[in-house]
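Chains, contacts and geometry: an overview
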Amino acid sequence: MNNRTNLEQKKSAKKELRKKQNEEFQKTLNPYNVNLLNIWKKFPKKVLWMFVSAFLYNIAIAVFLKKAATIASGTSSLSQIITFLAPSTEQFYGLFYVLVNLPLMFIFWRKNPRMFMVLTYYWMLFQIIVQLIFIDYNKANPIVKFINESLSIYNPNGKGSYWDPYGKEIIDTKLGTINLTQKGPIWNRATWPVLIYAALGGICEGFASVIAWRQRGSIGGTSVISNYIAYKNKKPVGNVFLIVALCFSSFSTIVIGSLEAAGKISKHPWRSEQFIVRVMGTFVYLFLFTIIVNKFYPKYKKVKIEIYSDKIEWIVEHFKKIGYIHAFNIFYGISGFKHHDLGKIETIALYLEKEYIFEQIKSIDTHAWICTSNIHDLNGHFDTSTVD
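Residues numbered from 1 in each chain as written. Predicted model: local features only at pLDDT ≥ 70, side-chain atom pairs only at ≥ 80, totals over all residues. Heavy atoms only, no water.

1. What about the packing of helix 12 (residues 312–322) against helix 13 (residues 354–362)?
Between helix 12 and helix 13, the least distance of the axes is 10 Å, while the angle of their chain directions is 125°. The angle between helix 12 and helix 13 falls in the class oblique. The chirality of how helix 12 crosses helix 13 is right-handed. Residues Ile315, His318, Phe319 and Ile322 of helix 12 form the contact with helix 13, whose participating residues are Tyr356, Ile357, Gln360 and Ile361. Class assignment of the residues belonging to the contact of helix 12 with helix 13 gives a composition of six nonpolar, two polar and no charged. (Axes fitted to C-alpha atoms, helices over the stretch in contact; angles between N-to-C directions. Helix = DSSP H or I, 4+ residues; strand = E, 2+ residues; numbered from the N terminus. Parallel < 35°, antiparallel > 145°, perpendicular 65-115°, else oblique. Left-handed = near helix turned anticlockwise from the far one by under 90°. Contact = heavy atoms within 4.5 Å. Nonpolar A, V, L, I, M, F, W, Y, C, P; charged D, E, K, R; others polar.)

2. Side note on the pattern of salt bridges
Between side chains of opposite charge, a pair can form as their charged atoms come close. Under the criterion given, the structure shown has five salt bridges. Across the salt bridge formed by arginine 189 and glutamate 169, the nearest N and O atoms sit 2.6 Å from each other. On the criterion of sequence distance, the pair formed by arginine 189 in the loop between strand 4 (184–187) and helix 8 (192–214) and glutamate 169 in strand 1 (residues 161–169) is long-range, its members being 20 residues apart. Under the relative-accessibility criterion, glutamate 169 is labelled partly exposed at 32%. A salt bridge links glutamate 306 to lysine 344, with the shortest nitrogen-to-oxygen separation between them at 3.4 Å. Here glutamate 306 is found in strand 5 (residues 302–309), whereas its partner lysine 344 is found in strand 7 (residues 341–350), with 38 residues between them in sequence. By relative accessible area, glutamate 306 is classed as buried at 15%. Connected via shared salt-bridge partners are Glu306, Lys344 and Glu346. (Salt bridge = Lys/Arg side-chain N within 4 Å of Asp/Glu carboxyl O. Buried < 20%, exposed > 50% of the residue type's maximum accessible area, 1.4 Å probe, protein only.)

3. Observations regarding the packing of helix 3 (residues 44–68) against helix 6 (residues 114–131)
The interhelical angle for the contact between helix 3 and helix 6, taken along N-to-C directions, is 45°, at an axis separation of 8 Å. Classed by the angle they form, the pair helix 3 and helix 6 counts as oblique. Note on packing geometry: the crossing formed by helix 3 with helix 6 is right-handed. Note on element contacts: helix 6 touches helix 3 through Met115, Leu119, Thr120, Trp123, Phe126, Gln127, Val130 and Gln131, opposite Lys46, Val47, Met50, Phe51, Ser53, Ala54, Phe55, Tyr57 and Asn58. The residue makeup of the contact of helix 3 with helix 6, split by class, is eleven nonpolar, five polar and one charged.

4. Considering helix 13
Here helix 13 has its buried residues at Lys354, Ile357, Gln360 and Ile361. Within helix 13, the buried residues cover an arc of 125° as seen down the axis, which keeps them to one side. Buried residues in helix 13 make contact with strand 5, helix 12, strand 7 and strand 8 (369–375). (Arc of directions from axis to C-beta.)

5. Details of the layout of surface pockets
In this model, the second largest pocket occupies a volume close to 490 Å³. In terms of residue class, the lining of the second largest pocket is built from seven nonpolar, five polar and seven charged. (1 Å grid on protein atoms, 1.4 Å probe; cavity = no way out; pocket = protein on both sides within 12 Å on 5 of 7 lines; lining within 4 Å. Points joined across faces, edges and corners; volume = space filled by probe spheres on them.)

6. Overview of the sheet that holds strand 6 (residues 328–334)
Strand order in the open sheet made by the four strands is 6-7-5-8, with antiparallel pairing throughout. Of all the strands in the sheet, just strand 6 and strand 8 have a single pairing partner and so form its edges. Shown here is a sheet whose adjacent strand axes are inclined to one another by a mean of 20°, direction ignored. In the sheet, strand 6 pairs with strand 7 via seven bridges, with the strands oriented antiparallel. Opposite asparagine 329, over in strand 7, you have glutamate 346 as the bridge partner. Set on the sheet, helix 13 makes contact with strand 5, strand 7 and strand 8; between it and strand 8 the angle comes to about 160°. (Pairing = 2+ DSSP bridges.)

7. What about the nonpolar core?
The nonpolar side chains of soluble globular proteins are, as a tendency, buried together. Ranked by internal contacts, the top residues of the largest apolar core, which has 64 residues, are Ile39, Trp123 and Val224. Listing elements by their share of this core, those giving two or more residues are helix 3, helix 5 (93–107), helix 6, helix 8, helix 9 (222–233), helix 10 (237–261) and helix 11 (272–296). Take this core: its biggest share by element is eleven residues, from helix 6. Once residues lying within four places of it in the same chain are set aside, the contact partners of tryptophan 123 are Met50, Ser53, Ala54, Tyr57, Tyr97, Ser218, Ile219 and Gly220. (Core = buried A, V, L, I, M, F, W, Y, C linked by side-chain atoms within 4.5 Å.)

See the structure below:
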């Protein structure tokens, strides 16, 4: 009887411990206590920047990536397959993108930081709204016409024509003739525009993603999975995104390639040499996207900061006042030039915190000498709450 009672008590204690740990974990995920409603009041600028990101993302899709016919990476590949199989739904690609991602958003709602998830929800909402501008209603949208004809990098037959990977072929191999009068979307077997459009699209979408990441949100889809993996392992977001995107791209390349080769996708004639270049363009787009994200948003990159000053104690007190969260060491010595007493603070911080730390130090000692160096490896707990 006593053994049974002890067993039940142990089970109850473990259950209470798990409950307490879960509550503490949820607090760390939502330190600002934000939700879908109060985010407008607490962080209105972040929400507005998500709109800017969504707009830039749609520019990348409509102006560049759609023309390159790149193979979609991430969860967007599912939306692409749907619109390919049902061409009449092409204009609702953005809506399908959101619908495909909703289950993912629900799954990771309690796993990713709440600020990240709330802002990502709004990004997807803005993405649908912005895409309404680029829908070609009855083939009469002047914006779409302007993008196709005036923002084209290659017009094989001059004004009124534009290169399109699925356009009307103007080269007749049997007769050995070229139709030089055809207007509208045309295909002259040139494949280099794919790589140019893919590169421009990767750069544009990369900056759209950087804007979203810097506000602690994302562009949805693969970014939600990538953020969770990066958050758990404290790895560079761009690198994790690339690995996850390549997995999805491999799947969509096989599926879309098979469907096109079998003639199952309407208005997408099978052109083997073009498909190979489109796959290459997809890799170009992904690598440029990754480089931009890692360059402008090195989320978990760490630096060692050394601060030399004769007001070290003042700086230390200021660190305590502003709630500086990282550990630091203090060293005292004599300067080699003037032989004055000198102090040094040595600390490791996130690269994205660097400018803020510099400002705080200079507010105390304008003559402080500061140097930084990159940290390539760190073993042990490190507080990243300022970027999570």
